[in-house]
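# Geometric and topological summary
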Amino acid sequence: MDEITSRTAEAELAETKGDYREAARLYNQLGLDIQARHGRFDPRALDAFEGVARSIGKTAS
């Protein structure tokens, strides 16, 4: 399992457990790290930032 897949799984687990703040933090850091290594518009970074938005949305519910 590569690093991005592993970190995505960690963020997904936090989201599944209902720890939406931690999930948002993990997704955000993942997205920033992907952008730094693979470019600003890498689709995996965009996926990570969608995870941030989804987690924040669940926090507001």
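Higher on the page you've got the structure.
Note that the coordinates shown come from a computational prediction; the quantities given were computed from them, not determined experimentally.

## Regarding helix 1 (residues 3-16)
The end-to-end C-alpha distance of helix 1 is 20 Å, a good match for the 20 Å that 14 residues give at a rise of 1.5 Å each. Structurally, helix 1 contributes buried residues whose contacts are with helix 2 (20-38) and helix 3 (43-60). Positioned one or two residues after helix 1, G18 has a phi angle of 90°, which is positive.

## Structural notes on the pattern of salt bridges
Under the counting rule described, the total for this entry stands at 7 salt bridges. Residue E3 pairs with R7 through a salt bridge whose shortest N-O separation is 3.2 Å. Residue E3 and its partner R7 are located together in helix 1, separated by 4 residues, close to a single helical turn. One salt bridge in this structure joins E22 and R25, with 2.7 Å as the shortest N-O distance. Linking E22 with R25, this pair stays in helix 2, spanning 3 residues, or about one helical turn. Classification of E22 by relative accessible area gives partly exposed; the value is 26%. Judged by relative accessible area, R25 falls into the partly exposed class, the value being 47%. Several salt bridges share partner residues, and in doing so they unite E3, R7, D33 and R37 into one network.

What counts and how
Residues numbered from 1 in each chain as written. Predicted model: local features only at pLDDT ≥ 70, side-chain atom pairs only at ≥ 80, totals over all residues. Heavy atoms only, no water. Helix = DSSP H or I, 4+ residues; strand = E, 2+ residues; numbered from the N terminus. Expected span 1.5 Å × (residues − 1). Contact = heavy atoms within 4.5 Å. Salt bridge = Lys/Arg side-chain N within 4 Å of Asp/Glu carboxyl O. Buried < 20%, exposed > 50% of the residue type's maximum accessible area, 1.4 Å probe, protein only.

Nothing here speaks to function; it is all geometry.
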